[in-house]
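# Structural overview for review
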Amino acid sequence: MSSITLALSKGRIFEETLPLLAAAGITPADNPETSRKLIIGTNRPDVRLVIVRATDTPTYVQYGAADLGIAGKDVLLEHGGAGLYQPLDLNIAKCRLCVATRKGFDYAAATRPGGRIRVATKYINSAKAHFAAKGVHVDLIKLYGSMELAPLVGLADAIVDLVSSGGTLRANNLEEVEDIMPISSRLIVNQASLKLKRELIRPVLDAFAGAVK
Ligand code: PRP
């Protein structure tokens, strides 16, 4: 019997995907917040979930280790999207990609055309594209987390990071100086799976589309 595998990360994406899964008649057998299982069965014998790091979701789907996945636009822009069909913005896990600096840093001066700025981020591609469009030279420093620390200890002038409530910036005396783009999570589908398993994937896609707010 043919079956499908959906790749998800735990946290916000998992929680906000549950109502979409319910609309497709899919109920996970475990919750990754409480279970350490990485392969989670569902009420449907032909559907299983795999729990992956958010940045790895496009890779699992690209190689067909998962047929479908749910990944943030931030992650997809860094991955590049090769081999992925992206049929649907699910409008979940919403936040913004922003530039932030220490309070009092003269961002306007640093980013005058021909200016130069040092930026720490895990979103190298998005940051590069953003500053290139402004005509600003950017020295990028790749970090994997806790970006907010970088301007506080002199590692960088600014960060490019996700902002949701703004609480993390406030707690670290940083301020948002530029909004780059809104971010939400998208459904991604392996292009070969879509052809070979159309009868299983299509109804899930349609149910998700119908449930998107
Ligand atoms: C994200 C982001 C910020 C924080 C913003 O980190 O990198 O640090 O959330 O949210 P807020 O505006 O509501 O405070 P996350 O918690 O996803 O962890 P990460 O550092 O592993 O990306």
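Look up: the structure comes first, before these words.
Here's what I pulled together on the structure shown here.

Calculation notes
Residues numbered from 1 in each chain as written. Predicted model: local features only at pLDDT ≥ 70, side-chain atom pairs only at ≥ 80, totals over all residues. Heavy atoms only, no water. Pairing = 2+ DSSP bridges. Helix = DSSP H or I, 4+ residues; strand = E, 2+ residues; numbered from the N terminus. Axes fitted to C-alpha atoms, helices over the stretch in contact; angles between N-to-C directions. Contact = heavy atoms within 4.5 Å. Near = heavy atom within 4 Å. Polar contact = N/O pair within 3.5 Å; in protein donor to acceptor, adjacent residues only side chain to side chain. Areas by Shrake-Rupley, 256 points an atom, 1.4 Å probe, with all protein chains shown as cover. Buried < 20%, exposed > 50% of the residue type's maximum accessible area, 1.4 Å probe, protein only. Arc of directions from axis to C-beta.

## As for the sheet that holds strand S5 (residues 84-102)
The nine strands lie next to each other as S2-S3-S1-S4-S9-S5-S8-S6-S7, forming an open sheet whose pairing is mixed. The open sheet terminates on both sides in strands that have one partner only, identified here as strand S2 (39-41) and strand S7 (137-142). The mean angle between the axes of side-by-side strands here comes to 25°, regardless of whether they run parallel or antiparallel. Both S2 and strand S3 (residues 47-51) contribute to a ladder of three bridges, which runs antiparallel. Bridge pairing in S3 links Ile40 to Leu49. Packing of helix H5 (residues 124-134) onto the sheet brings it into contact with S5, strand S6 (116-121), S7, strand S8 (158-163) and strand S9 (174-190), and relative to S7 it is tilted by some 170°.

## As for the environment of Val160
Mapped onto the elements of the fold, Val160 is located in strand S8. Val160 sits 156 residues away from Ile4 along the chain, and the two C-alpha atoms are 36 Å apart.

## Some thoughts on the site of the ligand
Around the ligand lies a shell formed by Lys122, Glu148, Asp161, Leu162, Val163, Ser164, Ser165, Gly166, Gly167 and Thr168. Here an oxygen atom of the ligand and a side-chain polar atom of Lys122 are 2.9 Å apart. The protein chains hide 59% of the 500 Å² of surface that the ligand would expose on its own. Those elements that provide at least two residues to the shell around the ligand are S8 and helix H7 (167-171). In terms of residue count, the dominant contributor to the shell around the ligand is S8 (three residues).

## Concerning helix H1 (residues 12-23)
Within H1, the full set of buried residues consists of Ile13, Phe14, Thr17, Leu20 and Leu21. The arc enclosing the buried residues of H1, seen along the axis, measures out at 115°, which places them on a common side. Exposed positions of H1 whose direction lies more than 90 degrees from the buried face are Pro19 and Ala22. Looking at the buried residues of H1, the elements they touch are strand S1 (4-8), S3, strand S4 (68-72), S5, S9 and helix H9 (198-211). Within two residues after H1, Gly25 carries a phi angle of roughly 75°, on the positive side.

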